[in-house]
Amino acid sequence: MQLAGDATEEDDRTRSSTLSFRPAPRLPGATGWMDTYVGTVAPSREHWQAADGGMHSRIVASNGRVVCASIRPSTVQEFFNPSMSAAVTMLRDCGRERPEPRQVGDPWERAATD
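Definitions and limits used
- Residues numbered from 1 in each chain as written.
- Predicted model: local features only at pLDDT ≥ 70, side-chain atom pairs only at ≥ 80, totals over all residues.
- Heavy atoms only, no water.
- Salt bridge = Lys/Arg side-chain N within 4 Å of Asp/Glu carboxyl O.
- Helix = DSSP H or I, 4+ residues; strand = E, 2+ residues; numbered from the N terminus.
- Buried < 20%, exposed > 50% of the residue type's maximum accessible area, 1.4 Å probe, protein only.
- Pairing = 2+ DSSP bridges.
- Axes fitted to C-alpha atoms, helices over the stretch in contact; angles between N-to-C directions.

> Hey, could you run me through the pattern of salt bridges in this one?
Note on pairing: side chains with opposite charge can pair once their charged atoms come close. Enumeration over the complete set of coordinates arrives at 4 salt bridges. Between aspartate 93 and arginine 65 there is a salt bridge, with the nearest N and O atoms lying 4.0 Å from each other. Here aspartate 93 is found in strand E4 (residues 90-96), whereas its partner arginine 65 is found in strand E3 (residues 65-71), with 28 residues between them in sequence. Given a relative accessible area of 53%, aspartate 93 falls into the exposed group. Under the relative-accessibility criterion, arginine 65 is labelled partly exposed at 43%. Measuring nitrogen to oxygen at the nearest pair gives 2.8 Å for the salt bridge that ties arginine 72 to glutamate 78. Using a relative accessible area of 9% as the deciding quantity, one classes glutamate 78 as buried. Through salt bridges with shared partners, a single ionic network connects Glu46, Arg58 and Glu97.

Shown next as structure tokens:
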């Protein structure tokens, strides 16, 4: 005959063994050809002034899009009357920057995703 206290202890042992933490198994998965085309890149901005006085920038967004900006140098008239200057910022699409290629190592280890 089983007492009520014994059943409770047995249930606790069964419950603790079934609810214990077990790490998830590693998933198979090798890197594919598309991994070099997708992913995030480090956003950055370069800004410089050319010898003729023009201002230039190269802006890289986190999705890889590159935008180039430039302002032509001021003329003599614009230099002496800057409020009448017609020098405006010109933007153009300069392409895309690819993310760094992933290291191909153990195919059973997947890289952490952000």
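From this point, the narrative continues.
> How do you make sense of the sheet that holds strand E1 (residues 44-49) when you look at a structure like this?
Strands belonging to one sheet form pairs held by backbone hydrogen bonds; the direction of such a pair is parallel or antiparallel. If you walk across this open sheet you meet the 4 strands as E1-E2-E3-E4, and the pairing is antiparallel. Strand pairing shows two members of the sheet lacking a second neighbour, E1 and E4, which therefore form its edges. Each strand axis lies, on average, 15° off the axis of its neighbour in the sheet, ignoring direction. Note that E3 and E4 share 5 bridges and pair antiparallel. Among the inter-strand pairings, serine 70 is bridged to a residue of E4, identified as methionine 90.

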